[in-house]
Structure formats: C-alpha cells, structure tokens
Amino acid sequence: MIFTLCPITENDAHAISTWRYDSPYSIYNISSDAANVLRDPLHNYHTVRDEHQSLVGYFGFGMDARVRAGVDLGLYPEDSLDVGLGMRPDLTEQGLGGRFVQAGLDFAEAEYSPDRFRLAVAAFNKRAIQVYENCGFKVQTTFGHTPNDEPEWLLMHKNI
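This report concerns the structure included in the present document. This structure is a prediction, so every number in the text was calculated from the model and none was measured.

Okay, the overall build of the chain next. Helix and strand content of the chain: five helices and seven strands. Across the chain, helices and strands are ordered from the amino to the carboxyl terminus as β-α-α-β-β-α-β-α-β-α-β-β. If you line up the chain on its principal axes, its C-alpha atoms span 40 × 35 × 35 Å. Residues counted as buried form 45% of the 160 residues belonging to the chain.

A word on the packing of aromatic side chains. Evaluated as defined, the whole model comprises 10 aromatic pairs. Seen from their ring centres, tyrosine 45 and tyrosine 58 are 6.5 Å apart, and the 55° between their planes marks the pair as tilted. Here tyrosine 45 is found in strand E2 (residues 45-49), whereas its partner tyrosine 58 is found in strand E3 (residues 55-61), with 13 residues between them in sequence. The burial state of tyrosine 45 is the same as that of tyrosine 58; both residues are buried. Residues tyrosine 132 and phenylalanine 137 carry aromatic rings whose centres are separated by 6.1 Å and whose planes lie at 65° to one another, so their mutual orientation is edge-to-face. Members of the aromatic cluster, connected to one another through ring pairs, are Phe3, Phe59, Phe61, Phe100, Phe107 and Tyr112. Between arginine 127 and the ring centre of tyrosine 25, over which it is positioned, the NZ or CZ distance is 3.8 Å.

Each value, and the rule that gives it
- Residues numbered from 1 in each chain as written.
- Predicted model: local features only at pLDDT ≥ 70, side-chain atom pairs only at ≥ 80, totals over all residues.
- Heavy atoms only, no water.
- Helix = DSSP H or I, 4+ residues; strand = E, 2+ residues; numbered from the N terminus.
- Buried < 20%, exposed > 50% of the residue type's maximum accessible area, 1.4 Å probe, protein only.
- Phe/Tyr/Trp six-rings, centres within 6.5 Å; stacked < 30°, edge-to-face > 60°.
- Lys NZ or Arg CZ within 6 Å of the ring centre and 35° of its normal.

Just distances and angles here, no functional claims.
Below is the structure:
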C-alpha cells in the first residue's frame, strides 16, 4: 500500500469523527465536536490516502499533536516537531503501521525540516509502541496515570 498525505477536507474530518476503536483504544476516538478542530485551517492536520485515494488515516503536526496532560506538565519544549496520527480502525493490526508512520515522517521532514520528532502514545498501546520503536523512536519519559483515569503516556523522540 502506498500512502500519500494531503490537506484535510471537511468530509475527511467528518469521516474520521465516525471511526470507532475498541476498548482500550477507544481513548483515541474523536468526537464530532473535536472533528471541527481537524478541519480548521488554523490547525495542522493532513489526511492519508492510499493509491486508490481511499481515506486511511490522518496526521497532525506541531501543537495540535500534543497531549494536554504533557502540556500541563511542561514536557513540550520547542526542540522537536510533535507528531500525532491515527489509522482507520479496520486497517490496524495488518502490518501497515511502519509504512504508514514513515510516510507521515517523510512528509513532515520535507515540509518542516525538523531536527527531531516527538510523539506521545498511551503506555498500554504496545502495538503502536512497537511500530514507533521500529521507526527509530525511543522513550524519553512517561507522564499521566492520574486518579481520574488519565492513562499513562510515553513521550517518544526520534532524531533525524
């Protein structure tokens, strides 16, 4: 499968807001209200399409990719390009993750020329962590896991 990033459209944002991940991955579900942020031109989201132009995922870059709890703790110095992403639920666990992530990183490197990438992933999400490690990310720190059911997060970095 060949992945291409392109600007997000209103229809794309709506479609992404209907995607539903099974528990415990349901923390990644996007509400229809949050989908308004995806399509807002002030935010930095891109959709991912395959060679048939089917919507297969999305990437967010910069401040939009940060986890609120990490921001509150001051864990996001301006030394990295933050990356957030989501793949259509029916495509997960099919061995596509590495190529999907690399397509987003290649796009971001060409578009933004960062020195380093950073992403946050829920600590229970072992399948995503494995993909990110295979793409060269390393765990920098952990945060979260609060009494109000905030999950534990891993903050991962990759030098370019």
